[in-house]
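Summary of the model geometry
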Amino acid sequence: NAGVMQNPRHLVRRRGQEARLRCSPMKGHSHVYWYRQLPEEGLKFMVYLQKENIIDESGMPKERFSAEFPKEGPSILRIQQVVRGDSAAYFCASSPPISRYPDEQFFGPGTRLTVL
Amino acid sequence: RKEVEQDPGPFNVPEGATVAFNCTYSNSASQSFFWYRQDCRKEPKLLMSVYSSGNEDGRFTAQLNRASQYISLLIRDSKLSDSATYLCVVNGRPGAGSYQLTFGKGTKLSVIP
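Values in this document were obtained by computation on a predicted structure and should not be read as measured data.

Reading the values: the criteria
- Residues numbered from 1 in each chain as written.
- Chains lettered and ligands numbered in written order.
- Predicted model: local features only at pLDDT ≥ 70, side-chain atom pairs only at ≥ 80, totals over all residues.
- Heavy atoms only, no water.
- Phe/Tyr/Trp six-rings, centres within 6.5 Å; stacked < 30°, edge-to-face > 60°.
- Helix = DSSP H or I, 4+ residues; strand = E, 2+ residues; numbered from the N terminus.
- Buried < 20%, exposed > 50% of the residue type's maximum accessible area, 1.4 Å probe, protein only.
- Pairing = 2+ DSSP bridges.
- Axes fitted to C-alpha atoms, helices over the stretch in contact; angles between N-to-C directions.
- Contact = heavy atoms within 4.5 Å.
- Buried area = accessible area lost by both parts, 1.4 Å probe.
- Salt bridge = Lys/Arg side-chain N within 4 Å of Asp/Glu carboxyl O.
- Polar contact = N/O pair within 3.5 Å; in protein donor to acceptor, adjacent residues only side chain to side chain.
- Nonpolar A, V, L, I, M, F, W, Y, C, P; charged D, E, K, R; others polar.

Focus on the packing of aromatic side chains
Enumeration according to the criterion identifies 13 aromatic pairs over all chains in this entry. Taken together, a centroid distance of 6.2 Å and an interplanar angle of 45° make the contact between Phe45(A) and Tyr99(B) tilted. One end of the pair, Phe45(A), is in strand β5 (residues 43-50); the other, Tyr99(B), is in the loop between β9 (84-91) and β10 (101-103), on a second chain. For the pair Phe45(A) and Tyr99(B), one class covers both residues: buried. On the basis of an interplanar angle of 50° and a centroid distance of 5.0 Å, the ring pair of Tyr25(B) and Phe33(B) is categorised as tilted. Both residues of the pair, Tyr25(B) and Phe33(B), belong to the buried class.

Following this line, the structure appears as structure tokens:
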């Protein structure tokens, strides 16, 4: 059973460009979460999605950031007009719809975004 | 008070040693507690969930004290492969859904031959 998959693993962008990060949850998982880890910091919650629905985006910056989880295909975190402060590791996690252990989330390998 | 607070370390211990990590959390409404490990430049991996009665998994023992809002992780007979950063994680933040995991910054462990 493949784990959470993310691509690309590394992404380099110049200031002002757009970054698109993709996440495919584990098979059978319908809940997707995005977290950001700035250098020397803990992971911070950004957004929680289910298929075609944004459940909670309270951790997302108000501008330039958006997320979606379409009916078909991976979840996408989109950052428009990137700035140097967006440089971080972005982790996606997933969980099943019903779990014996609520709140357990399984993480993908992350996308390391570097903004030049 | 930080939402989840951990001693950053590093803890440098010889192989075979016993090492304990502590963590405190601020949200008294949290219901789920975890220890994750994170290797350098890798994703966090769930090590164990922490239950009220305490739980053990091989060389690893986790304890929870809700009254003190304190979580601990004990590693016995340390192996070189235990070298990693250990993340204390709790669910929920005041006013937020329980699915929002709140991570500590982690405690770095280096096991030395």
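Read on for the rest.
Considerations on the sheet that holds strand β3 (residues 19-24) of chain A
Residue and element names in this part refer to chain A. Taken in spatial order, the four strands of this open sheet run β1-β3-β8-β7, and their pairing is antiparallel. Each end of this open sheet is capped by a strand with a single partner; those strands are β1 (5-7) and β7 (65-68). Strand-to-strand twist across the sheet, computed as the mean angle between neighbouring axes with direction ignored, equals 15°. Where β1 and β3 come together, three bridges link them in antiparallel fashion. From the neighbouring strand, Asn7 faces β3, where its bridge partner is Arg22.

Remarks on the sheet that holds strand β8 (residues 70-75) of chain B
Residue and element names in this part refer to chain B. The antiparallel open sheet is built from five strands, whose spatial order is β1-β3-β8-β7-β6. Looking at strand neighbours, the two that pair on one side only are β1 (4-6) and β6 (55-57), the edges of this open sheet. The average angle at which neighbouring strand axes cross in this sheet is 20°, direction not considered. Judged from the six bridges that link them, strand β3 (residues 19-25) and β8 form a sheet pairing that is antiparallel. Bridging across to β8, Asn22 finds its partner in Ser72.

Brief notes about the interface of chain B and chain A
Note on interface size: it is often stated as the accessible area lost on association of the parts. In this complex, chain B contributes 19 residues to the contact, which on the side of chain A involves 22 residues. Looking only at chain B, the three residues that lose the most surface to chain A are Arg41(B), Tyr99(B) and Phe103(B), adding up to 31% of its buried area. At the boundary of chain B and chain A, one finds one salt bridge. Where Lys105(B) meets Glu41(A), a salt bridge forms, and the shortest distance between an N and an O atom there is 3.7 Å. For the pair chain B and chain A, the interface holds nine residue pairs in polar contact (both at pLDDT 80 or more). Residue assignment for the side of chain B that touches chain A shows that the elements contributing at least two residues are β4 (33-38), β5 (44-50) and β10 of chain B. Of the residues in the side of chain B that touches chain A, the class split is eight nonpolar, seven polar and four charged.

Things to note about unusual backbone geometry
Put simply, Asn7(A) and Pro8(A) share a cis peptide bond, and its omega is -5°. As for its position among the elements, Pro8(A) is in the loop between β1 and β2 (10-13). Put simply, Gly9(B) and Pro10(B) share a cis peptide bond, and its omega is 5°. By the secondary structure assignment, Pro10(B) is in the loop between β1 and β2 (11-14). Phi is positive for Glu40(A), close to 65°, though the residue is something other than glycine. Following the sequence through the fold, Glu40(A) ends up in the loop between β4 (31-37) and β5. Although it is not a glycine, Glu52(A) adopts a positive phi angle of roughly 65°. As for its position among the elements, Glu52(A) is in the loop between β5 and β6 (53-56).

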